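# Report on the structure
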Amino acid sequence: MINVPKGTKDVLPEQSYKWQFVEGTAREVAKVFNLKEIRTPVFEHTELFQRGVGETTDVVTKEMYTFEDKGGRSITLKPEGTAGVARSFIENGLVNSPLPLKSFYITPCYRYERPQAGRLREFHQFGIEVFGSPEPDTDAEVIFAASTFLDKLGIKDTRLEINSIGCKTCRAEYNKALKEYFRPHLDNMCATCRERFDKNPLRMIDCKEEGCKKITAKAPKILDYLCPDCAAHFEKVKGYLSALGVDYTVNPDIVRGLDYYSRTVFEFVSTSIGAQGTVCGGGRYDGLISELGGGNVPAIGFAAGLERLILLMENTSVVFPEPSAPQIYLAGMDDSTRLKAFEIANSLRLKGVSAECDHMSRSVKAQFKYADKLGAKYTAVIGESEMQSGACNLKRMSDGQTFLTAFADIYGFLRDNK
Ligand code: ATP
Ligand code: MG
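Described in the following lines is the structure provided in the data block. All figures in this text were calculated on a predicted structure; none of them were measured in a lab. Throughout, residues of each chain are indexed from 1 in the direction in which the sequence is written. Chains carry letters and ligands carry numbers; both start at the beginning, A for chains and 1 for ligands, and go up in the order they are written. Per-residue local features are limited, in this predicted model, to residues with pLDDT of at least 70; the limit for side-chain atom pairs, both in listing and counting, is 80 or more; totals at the level of whole chains, interfaces and linings are taken over all residues. To get the side-chain values, take all heavy atoms of the structure and skip hydrogens and water.

## Some thoughts on the nonpolar core
Put simply, the rule is: In this description, a nonpolar core means a group of buried Ala, Val, Leu, Ile, Met, Phe, Trp, Tyr and Cys residues linked to one another through side-chain atoms lying within 4.5 Å. Buried residues are those whose accessible area, probed at 1.4 Å on protein chains only, stays under 20% of the maximum for their type, while exposed residues exceed 50% and partly exposed ones sit between those limits. Only DSSP runs of H or I covering at least 4 residues are called helices, and only runs of E covering at least 2 are called strands; the numbering of each starts at the N terminus. Only heavy atoms enter the contact rule, under which two residues are in contact if any of them lie within 4.5 Å.
Counting 50 residues, the largest nonpolar core has Phe-131, Phe-182, Met-189, Cys-193 and Met-204 as its most contacted members. Ranked by the residues each element gives to this core, the list is headed by helix α6 (residues 168-182), at 5 residues. Apart from residues lying up to four places away in sequence, Phe-182 is in contact with Met-189, Phe-197, Pro-201, Met-204, Ile-215, Thr-216 and Ala-219.

Now the structure itself:
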């Protein structure tokens, strides 16, 4: 038997209604926030992620699915959504469209990680990216879109944590201070931290190793190093969030995994799904477009992990809307009555009614059992006498009541009795 690859999962027909609900809700939120869908390829040139995600990130150093294609090009399966969207923005000259350009995506992502609850090798993200506005109201709006999405899913158990990681200027000062602080501790820190010390000390704040975490706890905080412009920007973001009634806590230790962030960064965190508690993360990335050769275009976005959201919803008993069931099951008894059932079922489908009939040559009794399992709302048997009278009894399964209905009137009956 061939199994599914490690770290990937099937979504089975019995479970897909949960995904449809989450994705449908994402689309509804996108609509009211006037975000238009953008679709980019699942694979890109490896260099895009090296430059766009950052050479010192876990994603680029350890987690990418990279391979050489038959033409000798280095290709990588997208580990996140932003870099591809940014590439497309530049390549298609979208900077010339009316700004801000507000976009969203729902996409699979690939990271070579150690699989565990809420951490897979193939997972899915709903993300939004807004290009062109440096203004703090945009930051607040993007955060509000994420919180609206979580609300509409029925998720109550998350808290919003925000931070500002400043711009290049304040970060240079901060990195200097971090280096001074970390230098005497380096021998007690992990190999990754020691490497980051030279390349990007800010990222040391993100280390999950217990020993490093203890040292990091007392490190200088970025908020004390923000330049006046970045500090004012952050104050305004907080003001707009309060105006929208969004609760938040400031967590100076959120630095986000990806290198291209600047100023506002944020996470929605849950305590109900264990260690992988971050269900949504985002921030401003004013430097990304120019890093990729597209000029000076500020941008902000977030990505929410759909597997983690569904896990959280299941763990906190959020009720998913019922999956749809057939409105009617039509049973036949022999060749000619089965043909009639088949015809009626398919003519109903043409009119938008979900209808079902037998495809297994089952007895009427077995057909009813199947109809019951499907959750059909009405059932009807077509036998000899029904063929002669041109009418059949529609049985409402919830209470057993029957309604004698001419074949030609079945559609009208079902339309009026849902
Ligand atoms: P973590 O610290 O959990 O590894 P991250 O910082 O690597 O998260 P991002 O790159 O910000 O994650 O991705 C945004 C969201 O995508 C995360 O908040 C999470 O919900 C989801 N996500 C990231 N990696 C995975 C994964 N391997 N499996 C499932 N979901 C994931
Ligand atoms: Mg990660």
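## Quick notes on the pattern of salt bridges
Here is the rule: Should a side-chain nitrogen of Lys or Arg be within 4 Å of a carboxyl oxygen of Asp or Glu, the pair is scored as a salt bridge.
Summed over the entire model, instances satisfying the criterion amount to 27 salt bridges. Two residues, Lys-102 and Glu-141, come together in a salt bridge whose shortest N-O distance is 2.7 Å. Placement of the pair is Lys-102 in strand β5 (residues 101-110) and Glu-141 in helix α5 (residues 136-153), with a sequence separation of 39 residues. For Glu-141, a relative accessible area of 33% translates into the label partly exposed.

## Quick notes on the sheet that holds strand β11 (residues 299-305)
Rules: Criterion used throughout: strands pair if DSSP finds at least two bridges between them.
A sheet is described by the order of its strands in space; here 8 strands give the open sequence β1-β5-β6-β11-β10-β9-β7-β8, paired in mixed fashion. Edge positions in the sheet fall to β1 (36-37) and β8 (249-250), since each has one partner strand and no second. With 2 bridges joining them, strand β7 (residues 159-164) and β8 adopt parallel strand pairing. Looking across to β8, one finds that Ile-162 is bridged to Val-250.

## Some words on the packing of aromatic side chains
Rules: Pairs were defined over the aromatic rings of Phe, Tyr and Trp, the Trp ring being its six-membered one, requiring ring centres within 6.5 Å. Orientation was assigned from the angle between planes: stacked under 30 degrees, edge-to-face over 60, tilted for the rest.
In total, this model carries 16 aromatic pairs according to the counting rule given. Judged by centre distance (5.6 Å) and plane angle (75 degrees), the ring pair of Tyr-65 and Tyr-112 falls under edge-to-face. In this pair, Tyr-65 sits in the loop between α3 (58-63) and β3 (66-68) while Tyr-112 sits in the loop between β5 and β6 (122-131), placing the two residues 47 residues apart along the sequence. Residue classification places Tyr-112 among the partly exposed positions, given a relative accessible area of 44%. Geometrically, the ring pair formed by Tyr-329 and Tyr-370 is edge-to-face, given 6.3 Å between the ring centres and 75 degrees between the ring planes.

## Observations regarding the sheet that holds strand β15 (residues 391-396)
Selection rule: In this description, a line fitted to the C-alpha atoms serves as the axis of each element, helices being fitted only across the stretch in contact, and the angle between N-to-C directions of two axes falls anywhere from 0 to 180 degrees.
Taken in spatial order, the 5 strands make up an open sheet running β13-β12-β14-β15-β16, and their pairing is mixed. The open sheet has two edge strands, β13 (355-357) and β16 (402-406), and neither has a second partner. On average, adjacent strands in this sheet sit at an angle of 25 degrees to one another, irrespective of strand direction. This element, helix α12 (residues 335-350), spans β12 (328-332), β13 and β14 (378-382) of the sheet and lies at about 160 degrees to β12. Where helix α13 (residues 364-374) meets the sheet, its contacts fall on β12, β13 and β14, and the angle it forms with β12 comes to roughly 170 degrees.

## A closer look at the layout of surface pockets
For clarity, the threshold we go by: Only protein atoms enter the 1 Å grid used here, on which a cavity is any set of points holding a 1.4 Å probe that cannot leave and a pocket is any open set flanked by protein within 12 Å on both sides along at least five of seven lines; residues with an atom within 4 Å of a point are listed as lining. Grid points are joined across faces, edges and corners, and a volume is the space filled by probe spheres set on the points. Charged means Asp, Glu, Lys or Arg here, nonpolar means Ala, Val, Leu, Ile, Met, Phe, Trp, Tyr, Cys or Pro, and polar covers whatever is left, Gly included.
Its boundaries defined by the atoms lining it, the second largest pocket holds a volume of some 710 Å³. For the second largest pocket, the lining is made up of 29 residues, of which Lys-168, Arg-171, Asp-259, Tyr-260 and Gly-287 are closest to its centre. Secondary structure elements with two or more residues in the lining of the second largest pocket: α2 (46-52), α6, β9 (262-269) and α10 (288-291). Across the lining of the second largest pocket, the residue classes tally to 8 nonpolar, 10 polar and 11 charged.

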